[in-house]
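# Results of the structural survey
Here are the chains, one letter per residue:
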Protein chains: 2
Amino acid sequence: MPYNAMKHRAYVPEKNFMEAALQLAEEAFAAGEVPVGAVVVKDGQIIGRGRNRREAEQNVLGHAEIEAMTDAARTLGTWRLENCTLYVTLEPCPMCAGTAVNAHMARIVYGAEDDVMGACGTAVSVIDLPRAFKPELYRGLLAEECAALLRKFFEQRRK
Amino acid sequence: MPYNAMKHRAYVPEKNFMEAALQLAEEAFAAGEVPVGAVVVKDGQIIGRGRNRREAEQNVLGHAEIEAMTDAARTLGTWRLENCTLYVTLEPCPMCAGTAVNAHMARIVYGAEDDVMGACGTAVSVIDLPRAFKPELYRGLLAEECAALLRKFFEQRRK
């Protein structure tokens, strides 16, 4: 493939979508939930939104990514989120990264790293299993802002 | 700890619970879904049931384990499935094994191995991350019966 064609195909993560995810994380913060937010983007449009609401719903599936992907699946009328990009403020855990793989999510863009549960390469990787679907990965977009909000949340909790 | 105390504490997976999961897998088969079934057990009682219904619901979360864990969370009124055991006919994928970890599921008992997506040690392991919750694992209960049902499903599909 000629260089220009490759260049044309390369995906460039967009800050405004991570800013939208951060806004959802702020909503989670205000609701007393661990502040994580996510959006699903297709063809330059947000088609799914989610934020952490695990405690309010007492549902282990209440992570931001699951809500955003479920919302996107509703928008598209199919569980296959092909050609979609997941933007999320925190590196997805195995549950969420696994859901993205199962949904054939084309790309994952995350902000802050998760040392404990990060399943896009930090604690483990579930997005490059030899015989399974492999989303492309983009790390560290607005990482500082995403991490700062989480730190603020856990510092308040400790008081 | 004295030997007897340890022996007393060891969990012995029960066939009848895997048989209940297999019955749910048969229901999935009859509905044209990949035949996987699951139950969640606490104190010797089934408190959650699920079977694959991804195509019917067009929901990527439609795996048997997710349904069984959601059902169990509803029964208990909390997302924390402590002291519970997940019985499932097929080795959980990263999404489902990750959900079990997030839910603090005490034990996972599976039937057939999954070479492609198995996230309890076959394709990857997400249940023994150094700093995360670690469910105990029991493999291969009624493995032949569980695998035979899956083979029958995929052979029919190929015709």
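Rules behind the numbers
Residues numbered from 1 in each chain as written. Chains lettered and ligands numbered in written order. Predicted model: local features only at pLDDT ≥ 70, side-chain atom pairs only at ≥ 80, totals over all residues. Heavy atoms only, no water. Salt bridge = Lys/Arg side-chain N within 4 Å of Asp/Glu carboxyl O. Helix = DSSP H or I, 4+ residues; strand = E, 2+ residues; numbered from the N terminus. Buried < 20%, exposed > 50% of the residue type's maximum accessible area, 1.4 Å probe, protein only. Core = buried A, V, L, I, M, F, W, Y, C linked by side-chain atoms within 4.5 Å. Contact = heavy atoms within 4.5 Å. Pairing = 2+ DSSP bridges. Axes fitted to C-alpha atoms, helices over the stretch in contact; angles between N-to-C directions. Least-squares fit on C-alpha atoms with pLDDT ≥ 70 in both. pLDDT = per-residue confidence, 0-100. Phe/Tyr/Trp six-rings, centres within 6.5 Å; stacked < 30°, edge-to-face > 60°.

Moving on, we get to the pattern of salt bridges. One pass over the structure, following the stated rule, counts 10 salt bridges over all chains. Arg80(A) serves as the salt-bridge partner of Glu55(B), at 3.8 Å between the closest nitrogen and oxygen. Residue Glu55(B) is found in helix H3 (residues 54-57), and its partner Arg80(A) is found in the loop between helix H4 (64-76) and strand S3 (85-90); the two belong to separate chains. Owing to a relative accessible area of 32%, Arg80(A) belongs among the partly exposed residues under this scheme. Arg107(B) is the salt-bridge partner of Glu136(B), the closest N and O atoms lying 4.0 Å from each other. You can see Glu136(B) sitting in strand S5 (residues 136-139) and its partner Arg107(B) sitting in strand S4 (residues 107-112), a full 29 residues away along the chain. On the accessibility criterion, Glu136(B) (40% relative accessible area) is partly exposed.

Bringing the nonpolar core into the picture now. By size, the foremost hydrophobic cluster in this structure holds 114 residues, and its most contacted members are Val40(A), Tyr87(A) and Val40(B). Apart from the residues within four sequence positions on either side, Val40(A) is in contact with Gln45(A), Ile46(A), Ile47(A), Gly48(A), Ala68(A), Met69(A), Ala72(A), Cys84(A), Thr85(A), Leu86(A) and Met105(A).

All names here are of chain A. Here five strands make up an open sheet; going across it, the order is S2-S1-S3-S4-S5 and the pairing mixed. In this open sheet, the two edge strands, each paired with only one partner strand, are strand S2 (45-51) and strand S5 (136-139). With direction set aside, neighbouring strand axes in the sheet form an average angle of 15 degrees. Relative to S2, strand S1 (residues 37-42) runs antiparallel, the two being bridged by six bridges.

The two chain copies are connected by a rotation around an axis plus a translation along it. Note on the identical chains: chain B maps onto chain A by a rotation of 180 degrees and an axial translation of 0.0 Å, with an RMSD of 0.0 Å. A rotation of that kind, with that shift, is consistent with a two-fold axis. Identified as the residue of chain B closest to the rotation axis by C-alpha distance is Met95(B), at 2.0 Å. Interface overlap between copies is the fraction of interface residues in one copy that are interface residues in the other; for chain B against chain A it reaches 100%, indicating a shared surface.

Moving on: the confidence of the model for chain A. Detailed reading of the predicted coordinates is not advisable wherever pLDDT is low. Of the residues in chain A, 94% reach a pLDDT of 70 or more, and the chain-wide mean stands at 93. For this predicted complex, the interface score ipTM comes out at 0.92, alongside a pTM of 0.93.

This brings us to the environment of Thr70(B). All names here are of chain B. Mapped onto the secondary structure, Thr 70 falls in helix H4 (residues 64-76). The class of Thr 70 is partly exposed, set by a relative accessible area of 24%. A C-alpha to C-alpha distance of 26 Å links Thr 70 and Phe 153, two positions 83 residues apart in sequence.

Residue and element names in this part refer to chain A. Counting across every chain of the model gives eight aromatic pairs over all chains. Geometrically, the ring pair formed by Phe 29 and Phe 153 is edge-to-face, given 5.9 Å between the ring centres and 70 degrees between the ring planes. One end of the pair, Phe 29, is in helix H2 (residues 15-30); the other, Phe 153, is in helix H6 (residues 143-158), with 124 residues separating them in the sequence. As far as burial versus exposure is concerned, Phe 29 and Phe 153 are alike and both buried. Between Phe 153 and Phe 154, the ring centres sit 5.2 Å apart and the planes meet at 85 degrees, which makes this aromatic pair edge-to-face. Classification of Phe 153 by relative accessible area gives buried; the value is 5%.

Before going further, it helps to spend a moment on the side chain of Arg107(B). Taking the relative accessible area as the measure of exposure, Arg107(B) reaches 17% and is therefore buried. Every residue in contact with Arg107(B), bar those within four places of it in the chain, is listed here: Tyr11(B), Asn83(B), Cys84(B), Thr85(B), Leu86(B), Pro135(B), Glu136(B) and Tyr138(B).

Further remarks concern unusual backbone geometry. Residue and element names in this part refer to chain A. Positive phi, close to 55 degrees, is recorded for Leu 142, a residue that is not glycine. Inspection of the secondary structure puts Leu 142 in the loop between S5 and H6. The class of Leu 142 is buried, set by a relative accessible area of 12%.

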